[in-house]
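Understanding the architecture of this molecule
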Amino acid sequence: MAQQATSRPVRTARLGRVIGARPATVSAVALLLPGGHEASARRPSPLAAAAVRSLGRSLARAGQADGLAAHVVHYRVGGWNGAEAQLARDAEWAADEVGRRYGDVPVCLAGVDMGGRAALRAAGHTAVNSVLALAPWLPEDDVAAPPEPVKQLAGRQVLIVHGTNDERTDPELSFRLAARAKKTNRDVCRFEVHSDGHRLSQHHSEVHALAANFVQGSLFGHAYARPLEDALAAPPPLGLRMPLASGFGKTLR
């Protein structure tokens, strides 16, 4: 008798454990979206999740007193995969899961690299109030394909951070997306980290301080640091090419 083929189990996305100390009462959630690949059906690399955990720890420390829970999103597969936009779909699933676990609390999508694209694309989810995209991977302009959408960013507070020497993801593409989004949403800003590359490692502490201040302000209504406040208020291109000053975070205001 021929042996029946066994079906492979369906992969599901999942949330990692709460980063840091779990708040007694969760009042907001930061979802950390790792990088990925343009096309891949393989399981995501554990290294990608590890790369965003450091950012998660910074956000969790800054928001702990306010009840912030931070989770890494573990994707089903490691690729965006064209029109399937699988990483964005997993980000939307994660926002749904936040509602199931914690109820009606605001969510910040915080992504790096391809996870930055997922954060921007999934921003239309009703639970999302803000988006943080670090060195986001965005597709090249193509006259045969529609541009990356921005209408889902309406009503959200959006911060994009990009190194000017990034050789993996083009900083000019994130500027163009931010400029299109700014036309209909004044709460969009973008910081440039001069001389830094894709990992933003030369100004790691400044980037994390900026990210933490943005999350505290967008989720809990704390005052933004003056540079962030100015970037949100400034017309383009000034507020979309705001330089991140060395030492940011040591004296926020």
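A few points on the structure.

Each value, and the rule that gives it
- Residues numbered from 1 in each chain as written.
- Predicted model: local features only at pLDDT ≥ 70, side-chain atom pairs only at ≥ 80, totals over all residues.
- Heavy atoms only, no water.
- Buried < 20%, exposed > 50% of the residue type's maximum accessible area, 1.4 Å probe, protein only.
- Helix = DSSP H or I, 4+ residues; strand = E, 2+ residues; numbered from the N terminus.
- Pairing = 2+ DSSP bridges.
- Right-handed = clockwise from strand over helix to strand, strands pointing away.

1. Considerations on the pairing of strand 2 (residues 28-33)
Across the six residues of strand 2, six count as buried, placing the element largely inside the fold. Burial along strand 2 is two-sided: the residues Ala28, Ala30 and Leu32 and Val29, Leu31 and Leu33 are all buried. In this structure, strand 2 lies alongside strand 3 (residues 68-74), joined through five bridges in parallel fashion. Its bridge partner being in strand 3, Leu32 is matched across the sheet by Val72. Taking the sense of rotation as the criterion, the β-α-β connection linking strand 2, helix 1 (residues 46-63) and strand 3 turns out right-handed. Where strand 2 and strand 4 (residues 107-112) come together, five bridges link them in parallel fashion. Residue Ala30 lies in a different strand from strand 4, and its bridge partner there is Cys108.

2. Observations concerning the pairing of strand 3
Taken across its seven residues, strand 3 has seven buried, putting it largely inside the fold. Sheet topology note: the strand 1 (residues 14-15)/strand 3 ladder contains two bridges and is antiparallel. Within strand 3, the position partnered with Arg14 by the bridge is His74.

No statement about biological role is implied by the geometric values presented.
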